[in-house]
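Chain by chain, the residues:
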Amino acid sequence: MNKKQFSFALMLSMMPLASMAHTPLCSCYDNGDGTVLCEGGFSDGSSAAGVGLAVVDANGNKLLDGKMSEDSEFEFNKPEGDYTVQFNAGPGHLVEISSEDITE
């Protein structure tokens with residue numbers, strides 16, 4: 001194997017590691033005052049500022065659409081009934097959190 005082939009093989013072997021290095025993370029908490037706070041980021045420590053966040057009802061209807069603040073947070077009034085928070089950082093980077101999993 002020459003240097004060029006070795007470099008190419010090494011690059012290919014590292015690709016799965018690179019794709020895992022930027023995993024989206026999002027957690028939401030019921031503040032107990034009728035509001036929900038969501039915090040987002042990435043596994044490599046980078047900010048989620050400007051990343052889209054939506055709240056949809058059980059039928060998939062969008063109730064709320066917004067973006068993470070420069071502190072990578074988004075706070076909203078808690079909707080009635082079941083809902084899902086969707087943290088969408090682009091293709092293959094969607095985190096969905098059911099209202100059942102959002103606790104005080």
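The name that an unreviewed UniProt entry assigns to the chain is SD-repeat containing protein B domain-containing protein, with the source organism given as Photobacterium chitinilyticum.

Membership of the largest hydrophobic core comes to 18 residues, with the highest contact counts inside it found for C26, C38, L53, M68 and V85. Those elements giving two or more residues to this core turn out to be β1 (24-30), β2 (35-42), β3 (52-57), β5 (73-77), β6 (83-88) and β7 (94-98). Every residue in contact with C26, bar those within four places of it in the chain, is listed here: C38, E39, G40, L53, M68, F87, V95 and I97.

Following the sequence through the fold, S72 ends up in the loop between β4 (62-67) and β5. Once residues lying within four places of it in the same chain are set aside, the contact partners of S72 are C38, E39, G40, S47, A48 and A49.

Moving on to the state of the cysteines. Under the counting rule described, the total for this entry stands at 1 disulfide. C26 carries a free sulfur, and the closest cysteine sulfur to it, the one in C28, is 4.3 Å from it.

Once that is clear, we can look at the pattern of salt bridges. Using the criterion set out here, one finds 2 salt bridges in the structure. When the shortest N-O distance is used, the salt bridge between K78 and D30 registers 2.9 Å. Of this pair, K78 sits in the loop between β5 and β6 while D30 sits in strand β1, and the two are 48 residues apart along the sequence. Across the pair K62 and D65 runs a salt bridge whose closest N-O atoms are separated by 3.8 Å. Each member of the pair, K62 together with D65, is exposed.

Criteria and cut-off values
- Residues numbered from 1 in each chain as written.
- Predicted model: local features only at pLDDT ≥ 70, side-chain atom pairs only at ≥ 80, totals over all residues.
- Heavy atoms only, no water.
- Core = buried A, V, L, I, M, F, W, Y, C linked by side-chain atoms within 4.5 Å.
- Buried < 20%, exposed > 50% of the residue type's maximum accessible area, 1.4 Å probe, protein only.
- Helix = DSSP H or I, 4+ residues; strand = E, 2+ residues; numbered from the N terminus.
- Contact = heavy atoms within 4.5 Å.
- Disulfide = S-S within 2.5 Å.
- Salt bridge = Lys/Arg side-chain N within 4 Å of Asp/Glu carboxyl O.

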